[in-house]
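# Inside the fold
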Amino acid sequence: GPAGPPPDGTYTAGAYLIWDPAEYNYEAGESTINDISGNNRHGQLDSYQNYWQSDNYGIFDTTSPRGGYISNSQGVASPPLTIEAWCRPETTGESGLFDSAPGQTNVLRQFPNDKAEWWSGDPSINVGFQAGNWQHLCFVYKFTGGNRSIRSYRNGVNVDYDTGSTDDASWTQFVIGAYNLSGYFSGDIGVTAVYNSELSQTQIQTNYQARKHRYGL
């Protein structure tokens, strides 16, 4: 078969979970993607797993009309949090890249189109999707002065920042590829990671540099 991805560079240690599609055996019809952080928060593919495509370079193809998502309900994460994902969106108006508590209030999710929010929209920030291009996205969720805040990065560069007015967060089932388990992201998804901490911009840039070769950057 094709060769696997070249070795990654050094990336920030201490992840809550890391899902790497290169570790998933699509041809064997597996339903689990291993957590390579060592914390055993393995991802489960939903019932649409037969529509997923994975290659040895670590890509899940979720392009419409395939749909599908990966989820895990083990453990509870709480802000400060950094959610990181490599992706190639089909359009600039995508939603459903991630969700922390489907159907719950105070959820951390990528919704609506080209936005990330701390539902119900307080706060909400721009993602800045670039259609058809691989990009490394990071979202830092934290409490600032007792209030919510979100900051977004694309390829290590700050994109947007906003603050809200409350201090609640919901984390029941971390999902990649959909919001509310039905609003599917359309495009390709690569390595995904969550840190139960606020990564600095320098650490985010380190992670971008460590894996960008996989995606032709």
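Residues numbered from 1 in each chain as written. Predicted model: local features only at pLDDT ≥ 70, side-chain atom pairs only at ≥ 80, totals over all residues. Heavy atoms only, no water.

### A word on the overall build of the protein chain
Going by this rule: The numbering of helices and of strands both runs from the N terminus, where a helix is a DSSP run of H or I of at least 4 residues and a strand a run of E of at least 2. Residue burial is assigned from relative accessible area. The probe radius is 1.4 Å, only protein chains are included, and a residue is buried under 20% of its type maximum, exposed over 50%, and partly exposed in between. By definition, residues are in contact when any of their heavy atoms lie within 4.5 Å. Here the Shrake-Rupley method, with its probe set to 1.4 Å, supplies the accessible areas, and only the displayed protein chains count as covering residues.
For the protein chain, the helix and strand inventory stands at one helix and 18 strands. The 217 residues of the protein chain split such that 49% are buried. Residue pairs in contact within the protein chain that sit at least 24 positions apart in sequence constitute 66% of those at least 6 positions apart. Within the structure as shown, the protein chain displays about 8,800 Å² of accessible surface, and the carbon and sulfur contribution to it stands at 42%.

### What about the pairing of strand 10 (residues 115–118)?
Applicable threshold: In this scheme, strands are said to pair when DSSP sees at least two bridges between them.
Alignment of strand 9 (residues 108–109) against strand 10, held across two bridges, turns out to be antiparallel. Each residue of the ladder has a partner; that of Leu-108, found in strand 10, is Trp-118. Hairpin geometry of strand 9 and strand 10 is characterised by an intervening segment of five residues between the two adjacent antiparallel strands and by a positive phi of about 60° at Asp-114. Counted between consecutive antiparallel strands, the loop separating strand 10 from strand 11 (residues 124–126) contains five residues, among which Gly-121 sits at a positive phi close to 75°.

### Describing the confidence of the model for the protein chain
Inclusion rule: Each residue carries a pLDDT value, the predictor's own confidence for that position, ranging from 0 to 100.
Averaged over every residue, the pLDDT of the protein chain is 87; residues scoring 70 or more account for 85%. The lowest-confidence element of the protein chain is strand 4 (residues 53–55), averaging 56 in pLDDT; the highest-confidence one is strand 14 (residues 157–163), averaging 97.

### Examining the environment of Leu-217
Within the secondary structure, Leu-217 sits in the segment after helix 1 (201–211). The spatial distance from the C-alpha of Leu-217 to the C-alpha of Trp-134 is 7.8 Å, given a sequence separation of 83 residues. Discounting residues that sit within four places of it in the chain, Leu-217 has contacts with Trp-86, Trp-134, Tyr-208 and Lys-212.

### A few points about helix 1
Rules: Directions drawn from the helix axis to the C-beta atoms are what define this arc.
Every buried residue of helix 1 is listed here: Ile-204, Asn-207, Tyr-208, Ala-210 and Arg-211. Seen from one end, helix 1 has its buried residues packed into an arc of 165°, which puts them on one side.

### Points about the side chain of Arg-109
The test is simple: Any pair of N or O atoms that falls within 3.5 Å is considered a polar contact. Within protein, one atom must be able to donate a hydrogen and the other to accept it, and sequence-neighbouring residues count only if both atoms are side-chain atoms.
By the secondary structure assignment, Arg-109 is in strand 9. For Arg-109, the side chain forms a polar contact with the side chain of Glu-117, separated by 2.7 Å.

### Some points on the nonpolar core
Rules: Each nonpolar core is a collection of buried residues, namely Ala, Val, Leu, Ile, Met, Phe, Trp, Tyr and Cys, held together in the definition by side-chain atoms within 4.5 Å.
Membership of the largest hydrophobic core comes to 30 residues, with the highest contact counts inside it found for Leu-97, Phe-98, Phe-139, Tyr-141, Trp-171, Phe-174 and Val-194. When residues in this core are grouped by element, the largest group, four residues, is from strand 7 (residues 81–89). When neighbours within four sequence positions are excluded, Leu-97 is seen to be in contact with Ala-85, Cys-87, Gln-110, Leu-137, Phe-139, Val-175, Ile-176, Gly-177, Phe-185 and Ile-189. One finds Trp-86, Ala-193, Leu-199 and Ile-204 within the second-largest nonpolar core, a separate group that totals 14 residues.

### A short note on the packing of aromatic side chains
Any two aromatic rings considered together are summarised by their centre-to-centre distance and by the angle between their planes. Heads up, the rule is: Centres within 6.5 Å make a pair out of two Phe, Tyr or Trp rings, where for Trp the six-membered ring is used; the pair is then stacked when the planes are under 30 degrees apart, edge-to-face when over 60, and tilted otherwise. When the NZ atom of lysine or the CZ atom of arginine is within 6 Å of a ring's centre and also within 35 degrees of its normal, the charge is said to sit over that ring.
Going through the model one piece at a time under the given rule, you end up with 12 aromatic pairs. Aromatic pair Trp-171 and Phe-174: ring centres 5.1 Å apart, planes at 5°, arrangement stacked. Take Trp-171: its relative accessible area is 6%, and that puts it in the buried class. Its relative accessible area of 1% is what places Phe-174 among the buried residues. Taken together, Phe-98, Trp-118, Phe-139, Tyr-141 and Phe-143 form an aromatic cluster joined through their ring pairs. The aromatic ring of Tyr-11 is capped on one face by Arg-211, whose charged end is 4.1 Å from the ring centroid.

### Points about the pairing of strand 14
Sheet topology places strand 13 (residues 147–154) next to strand 14; six bridges connect them, and they run antiparallel. When the bridges of strand 14 are listed, Arg-151 appears paired with Tyr-161. With antiparallel pairing between neighbouring strands as the criterion, strand 13 and strand 14 make up a hairpin whose turn holds two residues, including Asn-155 at a positive phi of roughly 55°.

### Comments concerning the pattern of salt bridges
Put simply, the test is: Whenever Lys or Arg places a side-chain nitrogen within 4 Å of a carboxyl oxygen from Asp or Glu, that contact is recorded as a salt bridge.
Evaluation of the coordinates by the stated rule reveals five salt bridges. Notably, a salt bridge pairs Arg-109 with Glu-117, separated by 2.7 Å at the nearest N-O pair. Accessibility assignment for this pair places Arg-109 and Glu-117 in one class, buried.

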